[in-house]
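# Fold and geometry: a report
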Amino acid sequence: MAKDATRIDLDDLAAIVARRAASDSEASYTRALIAKGVAKCAQKLGEEAVETALAAVGPDTKAVVSESADLLYHLLVLLQARGVSLEDVYAELGRRTSRSGLEEKASRPKG
C-alpha cells in the first residue's frame with residue numbers, strides 16, 4: 001500500500017528532528033530547543049503531556065489530535081537531545097509486548 005503523501009510516521013518525524021537538530025539554521029525551533037539542553041526539552045515534553053491529558057478529557061477531538069502531535073514531536077526532540085534512538089524505544093516496546101502487560105510490569109525493578 002502506498003503511503004499517503006500527507007501522512008508522516010514516527011520514523012519520518014525522528015529523521016526530520018535529527019536533521020533540524022544538526023542544522024545551522026537560526027530559524028529552526030528544534031535546534032534552538034535542543035541547544036537549551038535536556039532539562040528544557042524535558043520541561044516542554046511535560047507541558048505537552050499535561051496539555052494532551054487535559055484535551056483528552058475535554059469535548060474537542062481536534063484538540064486531542066493537535067496536542068498528541070505536539071507530544072510526539074517533543075518526545076522525539078527529547079530523545080534526540082539525550083542521544084536515544086527511536087529504534088531503542090521500538091526494541092523496548094518489542095521486549096515488553098512479548099508477554100502480558102501484568103507479567104511485564106511485575107518484572108520491573110521495584111523502587
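You'll find the structure just up there.
Residues numbered from 1 in each chain as written. Predicted model: local features only at pLDDT ≥ 70, side-chain atom pairs only at ≥ 80, totals over all residues. Heavy atoms only, no water.

This part takes up helix 3 (residues 38–56). Helix length check: helix 3, at 19 residues, gives a terminal C-alpha distance of 27 Å against a target of 27 Å (1.5 Å per residue), a fit within 8%. Among the residues of helix 3, C41, K44, L45, E48, T52 and A55 are the ones counted as buried. The buried residues of helix 3 occupy one face: seen down the axis, they fall within an arc of 100 degrees. Residues of helix 3 that are exposed and point over 90 degrees away from its buried face: A39 and L54. Of the surrounding elements, those touching the buried residues of helix 3 are helix 2 (29–35) and helix 4 (61–82). (Helix = DSSP H or I, 4+ residues; strand = E, 2+ residues; numbered from the N terminus. Expected span 1.5 Å × (residues − 1). Buried < 20%, exposed > 50% of the residue type's maximum accessible area, 1.4 Å probe, protein only. Arc of directions from axis to C-beta. Contact = heavy atoms within 4.5 Å.)

A few words on the nonpolar core. By size, the foremost hydrophobic cluster in this structure holds 12 residues: L13, A14, V17, L33, C41, L45, Y73, L76, V77, L78, L79 and L86. Going through the elements one at a time, helix 1 (10–22), helix 3 and helix 4 are the ones with two or more residues in this core. Top contributing element to this core by residue count: helix 4, with 5 residues. Look past the residues within four positions of L45 in its chain and what remains in contact with it is L71, H74, L75 and L78. (Core = buried A, V, L, I, M, F, W, Y, C linked by side-chain atoms within 4.5 Å.)

Moving on to the side chain of T52. Within the fold, T52 resides in helix 3. Classification of T52 as buried rests on a relative accessible area of 11%. Setting aside anything within four residues of it in sequence, one finds T52 in contact with E67, S68 and L71.

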